[in-house]
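Architecture and fold: a report
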Amino acid sequence: MEKKQLDWANIGFNYIQTEQRYVSNYKDGAWDKGGLTTEANVVINECAGVLQYSQSCFEGLKAHTQVNGDIVMFRPDVNAQRMVDSAKRLEIPPFPPERFLEAVDAVVKANAEYVPPYGSGASLYIRPYIFGSNPVIGVKPADEFQFRVFVTPVGPYFKGGAKPITIKISDFDRAAPRGTGNVKAGLNYAMSLHAVVAAHDEGFAENLYLDCATRTKVEETGGANIIFITKDGKLVTPKSESILPSITKRSIFYVAENILGIEIEERDVYLSEVKDFAECGLCGTAAVICPVGKIYDHGTDICFPAGMEKMGEVTQKLYDTLTGIQMGTIGAPEGWIRKVC
Ligand code: PLP
Ligand code: COI
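Remember, it's a predicted structure, so these values are computed and weren't measured experimentally.

**Side note on the layout of surface pockets**
Quantified by volume, the second largest pocket comes out at close to 630 Å³. In this structure, the second largest pocket is lined by 39 residues; those nearest its centre are Lys62, Gly121, Val288, Tyr319 and Thr323. When residues of the lining of the second largest pocket are traced back to their parent elements, those giving at least two are strand E5 (61-65), helix H6 (247-260), strand E16 (288-297) and helix H7 (313-327). In terms of residue count, H7 provides more of the lining of the second largest pocket than any other element does, six residues in total. Considered class by class, the residues forming the lining of the second largest pocket number 21 nonpolar, 17 polar and one charged. Looking at the lining of the second largest pocket, you find at least three residues from each of domain 1 (8-154) and domain 2 (165-327).

Next up, the structure:
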């Protein structure tokens, strides 16, 4: 199979339309058989649940070309389960996990020429999503839904690749206690758009949100969880009911504890203690592990000793091990890698 002639090193994190996507419709209480289609446009009624009341959830995962040429996905079963959790919270009928796996397999395989080559620094981003598709005007769930999966080749989420970024403490809140911050609902991202446009206009790469009940604790950014490294080499990360349970972070926990011998503390992290950490990074499927060199907090710069030029030493070890597992240069824990072709 010939790869597409794309400028893999410079594609950035943008939508590039590929050939095939998967569609399944839910009607009369059941998901239909579903299948691949070349039709990239969606036609729905003007009053569809997703258009009026944002009834939608999504997932994000990646396929890579490994060192031996295999095209693989990283832990898609965990994304399938998280989508079930998101769907339940949003009154969306869950898409069965085994069918989720079949769908992502089929779309990646059908678009194999778009999976970036090994060593290019790019990957194939997979976006499964479900939305309410029939008309609803009273505030209530739709009763017809569409599940779709498309893929797009992507480069680094943040400009500059693995260079440290500067983020700011946001004056906006992301997710309320007992709200929807812990599920992957489109509405969480809609409400972050104004805040992220403002942060970009001010020259920051992302917003770091605080817990909205007390505004004293660090939560996460608009599209990634946050991790810190203490001066004595421990990994510290916020424990909160209102942040997304990142699959990357859960994988980093395993790598830290079982491969690198790094101790983990998942706990309340107060903004007032952030200045004492040695390193900071954002983690997620899109972000992978992106180093944070500086956090701007209302006129004060919190600068991490690791600096603005390169990743901190411990962050780099976590990054190298995680990406080594994804790329097949380091043995993966059982069940983490699903071969597509
Ligand atoms: N937090 C938010 C708000 C996200 O959008 C994402 C991305 O999916 C993450 C965290 C990281 O989650 P994961 O590692 O499962 O991609
Ligand atoms: C992901 O990492 O998959 C996300 O959904 C985050 C988003 C900011 C692209």
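And the narrative resumes.
**Points about the packing of aromatic side chains**
When we look at a pair of aromatic rings, we describe it by the centre distance and by the angle of the planes. Using the criterion set out here, one finds 19 aromatic pairs in the structure. Ring plane angle 65° and centroid distance 4.9 Å describe the contact between Phe58 and Tyr189, whose orientation is recorded as edge-to-face. Placement of Phe58 in strand E4 (residues 56-58) and of Tyr189 in helix H4 (residues 186-190) is noted, with a sequence separation of 131 residues between them. Measuring from centroid to centroid gives 6.3 Å for Phe100 and Phe147, while their planes differ by 55°, and the two rings are tilted.

**Here's the deal with the site of ligand 2**
Around ligand 2 sit Phe13, Phe58, Gly60, Tyr125, Arg127, Tyr157, Lys184, Gly223, Thr285 and Ala286, and that is every residue in its neighbourhood. For ligand 2, an oxygen atom lies 2.6 Å from a polar atom in the side chain of Tyr125. Residue Ala286 places a main-chain N or O atom 2.8 Å away from an oxygen atom belonging to ligand 2. Against a free-state accessible area of 280 Å², the protein chains account for coverage of 90% of ligand 2. Considering only residue class, the shell around ligand 2 consists of five nonpolar, three polar and two charged.

Scoring rules and cut-offs
Residues numbered from 1 in each chain as written. Chains lettered and ligands numbered in written order. Predicted model: local features only at pLDDT ≥ 70, side-chain atom pairs only at ≥ 80, totals over all residues. Heavy atoms only, no water. 1 Å grid on protein atoms, 1.4 Å probe; cavity = no way out; pocket = protein on both sides within 12 Å on 5 of 7 lines; lining within 4 Å. Points joined across faces, edges and corners; volume = space filled by probe spheres on them. Helix = DSSP H or I, 4+ residues; strand = E, 2+ residues; numbered from the N terminus. Nonpolar A, V, L, I, M, F, W, Y, C, P; charged D, E, K, R; others polar. Domains from an automatic or database assignment. Phe/Tyr/Trp six-rings, centres within 6.5 Å; stacked < 30°, edge-to-face > 60°. Near = heavy atom within 4 Å. Polar contact = N/O pair within 3.5 Å; in protein donor to acceptor, adjacent residues only side chain to side chain. Areas by Shrake-Rupley, 256 points an atom, 1.4 Å probe, with all protein chains shown as cover.

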